[in-house]
Amino acid sequence: MIKTLHKAVVESVKELYNTTITAEEISIQKTKKEFEGDFTLVVFPFTKLSKKKPELTAEELSNKLKEKTNIIASTQIIKGFLNLTFHDEVWIDFLKSESKNHSYASTEIDKNQQPVLIEFSSPNTNKPLHLGHVRNNLLGDSISRILSANGTHIYRINLVNDRGIHICKSMLAWQKKAQNETPESSGLKGDKLVGEYYVAFDKLYKKEIEELIAKGITKEEAEKQAPILLQAQNMLRKWENGDEEIYNLWQKMNQWVYQGFDETYKKMGISFDKTYYESETYLLGKEVVLEGLSNNIFYQAEDGSVRVNLENEGLDEKVLLRSDGTSVYMTQDLGTAVLRAEEYNPVQMIYVVGNEQNYHFEALKLILTKKLNYKFAENIFHLSYGMVELPSGKMKSREGTVVDADDLMTEIIEMAKQKTQELGKNDFTEEELQLLAEKIGLGALKYFILKVDPKKNMLFNPDESIDLNGNTGPFIQYTHARICSLIRKAKTIEIVDYKGVNLLQLEKEILLSLYSYPETIKQAAKELNPSVIANFIYDLVKNYNRFYQEIPILKETDTTLRSLRLDLSIFTAYVIRHGMSLLGIDVPEKM
RNA sequence: GGUUCCGUAGCUCAGCUGGAUAGAGCAACUGCCUUCUAAGCAGUAGGUCAUGCGUUCGAAUCGCAUCGGAAUCACCA
């Protein structure tokens, strides 16, 4: 319909004003609720061509469009706005042809096309996942789903940061304090256990700094000289030199963490096509750096560290290898980028990483493109998302203000369970109730996070927790469940041809919304923005709920009307389910 | 200090490729369950779109300046 309209406008302008315009120059939008019409053509831009008043221009275009197409039933002109109303028949044809189409808004993926790589999650193995990771994981997962739905061939990549000084810190603290404590002996989840020793290291470190300061050493010096830090640095060198004892300890502790992570990912419903481990790729990064050094692209500073100068690009000097030869963060990101480009030959590499690392990714891209001349790196895209803040400010693991991912999920599922019981929904078995509560709780959490624009910082208030009413996941799930209930009851009802019926305003609004769904997916894919989908579904569901409340569906005695409304409901349920699946949210058939 | 991002109702957020009277949810108040699931629906109230100047037929949206906030500028990741 919209395409037909665009084409007709182009032709009309050509005939009336002898000017060729492109479809992009035409502004057609949904008509605002206060006015009569389905779509609105903004005619202000054409007044320059017509050299006539907006109303007159609209009038001329209106007549021409009606001549050229057979879909327009009526038009209404208000100032420079031309409101177009389509024949009901057009909408009914749309409903009839698409309402049972199980591939509506789905695009086939061509596995032969060059893939898009999307890296997300990328945890460190020294502490458990928290709310910040949750946003990262949900964004990465949802964007993967949206791109797939839009026909893009993608690979989900996880890059586990399993080595480095931070890992050595937990290892060292464990050696000193743990007395061989294990997940089994402590009953703690593996990632939680290791996380505790990371915190323990920090305590010891702070204590040593204080002691040094008391001896008259400056704070700055103390931070560099604290024995435990030197030991950690020494441990990292040993690790990089393949020291057997250190290596075994490292493997053991990482294994604990992976088991913990797997549990969390599983609960969250997140998976990857490929997991890289920094321990397996950091050497490649070193090679890249050393090669750049021998080609004089990088240089060795007096202290022995290898650096790159990005001052001409508006940045500073960056260290690529420490003076003791060990790798930094940049080293491994250079390595894995090159590796991935070789392995997948991607058209694009998306990194889902918080906006606190904007500088890092700018530098990474510059080094790869400007310094090392890698063509593929032009298509590196840092999907920079905002921080999740608490009312008290930023989360700090060392201050114990982090919101743990597992705890958060457990709590909200428990809340959903309570709420279900409160509402007196008793016809579930204990097992069904648990499954339902998981769907609702996780739905609430995922929707809460995904409905906000990724690039904006967002606030999470643990005291108020997450709503289950209003603009929330459960609200949408509930609407879906009600439609499913209708469909169940309608099993025996005969569907008759409803061609020729007159549509109610509410019905048409829902159809307009359903019609715009494929375009919404395209937009979300283009912007890499799940909130576009979330807001769309909310809008659809609000319209549907009003319809459901005000208009009889199964109770309607006119069989043509009843059939139409049932089809409309079935179609709406499909789009809700489809849209929510793009957010990684399950919708129950009963709740 | 340099760079980047942000500022919309009491709170959390939509709207931002310029378009009509700036929208939701929460919280507050008022109605609606013998009728398809009330996790719902309808309504009341709540705004100098941080401020100023500019661009134009038209600015929350674009530009400049100011104020306020955040991130970053590590041999951390």
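Since we're looking at a predicted model, the values are computed, not measured.

Draft legend 1. Main features of the protein's contact with RNA strand B. Surveying the vicinity of RNA strand B reveals 61 residues, the closest of which are Asp303, Asp316, Arg322, Tyr478 and Tyr548. Near the protein, meaning within 4 Å, the atoms of RNA strand B are sugar or phosphate in a fraction of 62%, with bases accounting for the rest. The side chain of Asn83 places a nitrogen or oxygen atom 3.1 Å from a base nitrogen of RNA strand B. Of all the secondary-structure elements, those providing two or more residues to the surface near RNA strand B are strand S2 (39–42), strand S4 (81–86), helix H6 (165–177), helix H15 (405–422), strand S15 (458–459), helix H17 (473–489) and helix H20 (530–550).

Draft legend 2. Structural context of the nonpolar core. Among the nonpolar cores identified, the biggest contains 150 residues, and Leu41, Phe46, Phe86, Trp91, Leu131, Val575 and Leu583 are the most heavily contacted of them. When residues of this core are assigned to their parent elements, the largest contribution, 11 residues, is made by helix H21 (residues 559–582). Once residues within four sequence positions are removed from consideration, Trp91 is found in contact with Met1, Asp38, Phe39, Phe86, Leu503, Lys508, Leu511, Leu512 and Tyr515. Counting residues in hydrophobic clusters, the runner-up holds 35 residues, among them Ala363, Ile367, Leu368 and Ala377.

Draft legend 3. Up close: the layout of surface pockets. Approximately 1200 Å³ is the volume found for the largest pocket. Taken together, 44 residues line the largest pocket, and the ones lying closest to its centre are Asn124, Lys127, His133, Glu356 and Gln357. For the lining of the largest pocket, the secondary structure elements donating two or more residues are helix H5 (131–149), H6, helix H13 (329–344), strand S11 (348–354) and helix H14 (358–371). Within the lining of the largest pocket, the residues separate by chemical class into 14 nonpolar, 18 polar and 12 charged. Empty space within the second largest pocket amounts to approximately 980 Å³. Along the walls of the second largest pocket sit 34 residues, with Lys30, Phe39, Leu512, Tyr515 and Ser516 positioned nearest its centre. Broken down by element, the residue count for the lining of the second largest pocket peaks at 6 residues, all from helix H18 (residues 505–515). By residue class, the composition of the lining of the second largest pocket is 12 nonpolar, 10 polar and 12 charged. Here the lining of the second largest pocket gathers at least three residues from each of two domains, domain 1 (2–86) and domain 3 (410–582).

Draft legend 4. Local environment of helix H3 (residues 54–68). Between its first and last C-alpha, H3 extends 21 Å over 15 residues, near the 21 Å set by a 1.5 Å rise per residue. Close packing links the buried residues of H3 with helix H1 (2–17), S2, helix H2 (47–50), strand S3 (72–78) and S4.

Draft legend 5. Just the sheet that holds S2, in detail. With antiparallel pairing, 4 strands are arranged side by side in an open sheet as S1-S2-S4-S3. The strands lining the two open edges of the sheet, one partner per strand, are strand S1 (28–30) and S3. Strand-to-strand twist of the sheet, defined as the mean angle between neighbouring strand axes without regard to direction, takes the value 30°. Pairing between S1 and S2: 3 bridges, direction antiparallel. Of the residues in S2, the one forming a bridge with Gln29 is Thr40. Here H1 sits on the sheet and contacts S1, S2, S3 and S4; the angle it forms with S1, its principal contact strand, is near 145°.

Draft legend 6. Fine view of the domain arrangement of chain A. By the assigned domains, chain A splits into domain 1 (2–86), domain 2 (162–272) and domain 3 (410–582). Placing the centre of domain 1 and that of domain 3 at their C-alpha centroids yields a distance of 34 Å. Each partner contributes residues to the interface: domain 1 has 7 residues there, and domain 3 has 8 residues. Together, the buried faces of domain 1 and domain 3 total about 560 Å²; carbon and sulfur atoms form 52% of this surface. By the criterion of area lost to domain 3, the three top residues of domain 1 are Lys30, Lys33 and Asp38, representing 68% of everything that side buries. Summed over the shared surface of domain 1 and domain 3, the result is 1 salt bridge. Between Lys508 and Asp38 there is a salt bridge, with the nearest N and O atoms lying 3.2 Å from each other. Viewed at the interface, domain 3 and domain 1 are joined by 2 residue pairs in polar contact (both at pLDDT 80 or more). A class-by-class count of the residues in the side of domain 1 that touches domain 3 yields 3 nonpolar, 1 polar and 3 charged.

Draft legend 7. Molecular detail of the packing of aromatic side chains. Enumeration according to the criterion identifies 29 aromatic pairs in this entry. Taking 5.4 Å as the distance between ring centres and 85° as the angle between the ring planes, the aromatic pair formed by Phe94 and Tyr515 counts as edge-to-face. One end of the pair, Phe94, is in helix H4 (residues 88–98); the other, Tyr515, is in helix H18, with 421 residues separating them in the sequence. Looking at Phe94, the relative accessible area reads 9%, which means it is buried. Summarising the aromatic geometry, the rings of Tyr247 and Trp250 are spaced 5.0 Å apart at their centres and angled 45° between planes, so their arrangement reads as tilted. With a gap of 3 residues between them, Tyr247 and Trp250 both fall in helix H11 (residues 244–268), about one helical turn apart. In this structure Tyr247 comes out as partly exposed when scored by relative accessible area, which is 34%. For Trp250, a relative accessible area of 6% gives the class buried. Stacked on the ring of Tyr282, the Lys or Arg Arg163 has its end atom at 4.3 Å from the ring centre.

Draft legend 8. Broad picture of empty space enclosed by the protein. Summed over all chains, the structure comprises 1 cavity of 30 Å³ or more. Its boundaries defined by the atoms lining it, the largest cavity holds a volume of some 30 Å³. Lining the largest cavity we find Thr125, Ile167, Ser170, Met171, Val194, Met253, Asn254 and Val257. Put simply, the parts of the chain that give the lining of the largest cavity at least two residues each are H6 and H11. By residue class, the composition of the lining of the largest cavity is 5 nonpolar, 3 polar and no charged.

Reading the values: rules and limits
- Residue positions are counted from 1 within each chain, in the order its sequence is given.
- Chains and ligands are labelled sequentially in the order written, the chains with letters from A and the ligands with numbers from 1.
- Local features in this predicted model are restricted to residues of pLDDT 70 or higher, and side-chain atom pairs are both shown and tallied only at a pLDDT of 80 or more, whereas totals for entire chains, interfaces and linings draw on every residue.
- In computing side-chain values, all of the structure's heavy atoms are included and hydrogens and water are not.
- The rule for a residue being near a molecule or strand is that one of its heavy atoms must lie within 4 Å of it.
- Here a polar contact means two N or O atoms within 3.5 Å. Within protein one must be a hydrogen donor candidate and the other an acceptor candidate, and residues neighboring in sequence count only if both atoms are side-chain atoms.
- A run of H or I in DSSP becomes a helix once it reaches four residues, and a run of E becomes a strand once it reaches two; helices and strands are each numbered from the N terminus.
- Residues belong to a common nonpolar core when they are buried Ala, Val, Leu, Ile, Met, Phe, Trp, Tyr or Cys residues joined through side-chain atoms within 4.5 Å.
- Here the term buried applies to any residue with accessible area under 20% of the maximum for its type, exposed to any over 50%, and partly exposed to those in between, with areas from a 1.4 Å probe on protein chains only.
- What makes two residues a contact is simply this: any of their non-hydrogen atoms within 4.5 Å.
- Put simply, the grid is 1 Å and covers the protein atoms alone, a cavity is a trapped set of points that fit a 1.4 Å probe, a pocket is an open set with protein on both sides within 12 Å along at least five of seven lines, and lining residues have an atom within 4 Å of a point.
- Grid points are joined across faces, edges and corners, and a volume is the space filled by probe spheres set on the points.
- We call Asp, Glu, Lys and Arg charged. Ala, Val, Leu, Ile, Met, Phe, Trp, Tyr, Cys and Pro are nonpolar, and the rest, Gly among them, are polar.
- Those domain boundaries reflect an automatic or database domain assignment.
- What a helix should span is 1.5 Å times the count of its residues minus one.
- By this definition, two strands are paired if DSSP reports at least two bridges between them.
- Note on definitions: angles span 0 to 180 degrees between N-to-C directions of axes, and those axes are lines fitted to C-alpha atoms, for helices only across the stretch in contact.
- A quick way to say it: buried area is the sum, across both parts, of accessible area lost when two parts are put together, with a 1.4 Å probe.
- By definition, a salt bridge exists where a carboxyl oxygen of Asp or Glu is found within 4 Å of a side-chain nitrogen of Lys or Arg.
- In this scheme Phe, Tyr and Trp rings, the latter by its six-membered ring, pair at centre separations within 6.5 Å, and the angle between planes marks the pair as stacked below 30 degrees, edge-to-face above 60, and tilted otherwise.
- Both a distance and an angle decide whether a charge sits over a ring: NZ of Lys or CZ of Arg must be within 6 Å of the ring centre and within 35 degrees of the ring normal.

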